[in-house]
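The lines below spell out each chain.
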Amino acid sequence: MKEIRTVAVIGTGTMGVGIIQGFAEAGITVRAIDSFPESLDRGMAMIAANLNLFQEFNLLKEKPAAILARIKPVLSTDIAVEVQGCEFILETIPELLDAKRAIFSQLDPLPAEVIIASNTSSMTVDTLTEGLKTPERMLGLHYFNPAHIIPAVEIHKGKATSADAIERTRALMIKTGKKPVIVHKSVPGFIINRLTGAMEREIDYLLDEGVVTPEDLDTAVKASYGFRLSCLGPMEAEDMIGLDTAARVSGKIFKVLSNRTEASPDLVEKVNRGELGIKSGKGWYDYAGQTREEVNDRINRRLLQQLALYRSVEAQADRVLCEKS
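Report follows, based on the coordinates. (Residues numbered from 1 in each chain as written. Predicted model: local features only at pLDDT ≥ 70, side-chain atom pairs only at ≥ 80, totals over all residues. Heavy atoms only, no water.)

**Let's talk about the environment of Asn119**
Point 1. Locating Asn119 in the fold gives a position in the loop between strand S5 (115–118) and helix H6 (125–129).
Point 2. Looking at Asn119, the relative accessible area reads 8%, which means it is buried.
Point 3. For the pair Asn119 and Thr161, spaced 42 residues apart in sequence, the C-alpha to C-alpha distance is 16 Å.
Point 4. Discounting residues that sit within four places of it in the chain, Asn119 has contacts with Met15, Ile19, Leu90, Glu91, Thr92, Leu141, His142 and Tyr143.
Point 5. Within the structure, Asn119 has its side chain in polar contact with the backbone nitrogen of Tyr143 (distance 2.9 Å). (Helix = DSSP H or I, 4+ residues; strand = E, 2+ residues; numbered from the N terminus. Buried < 20%, exposed > 50% of the residue type's maximum accessible area, 1.4 Å probe, protein only. Contact = heavy atoms within 4.5 Å. Polar contact = N/O pair within 3.5 Å; in protein donor to acceptor, adjacent residues only side chain to side chain.)

**Focus: the pattern of salt bridges**
Point 1. Inspection of the entire model under this criterion finds 14 salt bridges.
Point 2. Notably, a salt bridge pairs Lys100 with Glu91, separated by 2.7 Å at the nearest N-O pair. The pair Lys100 / Glu91 is uniform in exposure class, with both members buried.
Point 3. The residue Lys100 makes a salt bridge to Glu95 at a minimum N-O spacing of 3.4 Å.
Point 4. Several salt bridges share partner residues, and in doing so they unite Glu269, Lys270, Arg273, Glu275 and Lys282 into one network. (Salt bridge = Lys/Arg side-chain N within 4 Å of Asp/Glu carboxyl O.)

**Concerning the sheet that holds S5**
Point 1. Overall, mixed pairing links the eight strands, which are arranged S3-S2-S1-S4-S5-S6-S7-S8 in an open sheet. Two strands lie at the open edges of the sheet, namely strand S3 (71–75) and strand S8 (179–183), each paired on one side alone. Averaged over all neighbouring strand pairs, the angle between strand axes comes to 25°, with direction disregarded.
Point 2. Taken together, the four bridges between strand S6 (residues 138–142) and strand S7 (residues 152–157) define a ladder with antiparallel strand orientation. Its bridge partner lying in S7, Leu141 is registered against Ile155.
Point 3. Strand contacts of helix H5 (residues 97–107): strand S1 (6–10), strand S4 (88–91), S5 and S6, with the helix running at about 175° to S5, the strand carrying the most contacts. (Pairing = 2+ DSSP bridges. Axes fitted to C-alpha atoms, helices over the stretch in contact; angles between N-to-C directions.)

Quick look at the structure:
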């Protein structure tokens, strides 16, 4: 299998910058393409700051400057020209179908061996590639925010996506330190967003009904199944608990869970008041007196502690496997 050495990432927003960093850290040359100079400048500055923070946590194998040297910022609207010579192309623009389809259409004439991917979190590959001539090399690659820290990435496919395109993408993700998961059937929300959506619905119900405060809910989650999930997946935990116990509990609790199909009234009311979270200075928590950058830096530091531990545990597990083999 030919190794991918040069990639292009279209869009330098929140998701794009994290993805660009991950490719560059893995020794891959990256073209960071954007049509807005402010976005491109801000994105490159964010990558530099994130790399310095990674270095602070001893999570880099080389100096930030060496990694940044592999990133070529490109200000252009002529995407088809700027991606020439790239073996893998990923668009990370906002979730607007017409805009994403326009990019895929521009890339359709590229050589057949070039893989074209979308970081869409809600659209199917078949929707994005409808009417195109080379859908067999097109797929979905769903990262999670912040993309430079969270290890998981979902690979989802269309009806025509080839096994070779999926396997080459999977190998690329492993090279960049990600944990790729294949979505075998096309379903709205893929895997992780369906799980978090189900949890969000029950969270909304508990808050709306006054069962728990937002603060206590966060404490409960972080100190219970959230604590466990960092090292035991739900199926591993179910094996530990016992499938018979899990079956009995499910039979009882499923009957009383929320089955709402609309967002929480309290949540909608907050949105209508402009309480959008960190970006507006208030959401479930009040961030008065703190800049957006300060809050995000604090969150990133907590996540980087988790990432360092995660990598340590994974490396130890790999060593054990090697010793056994």
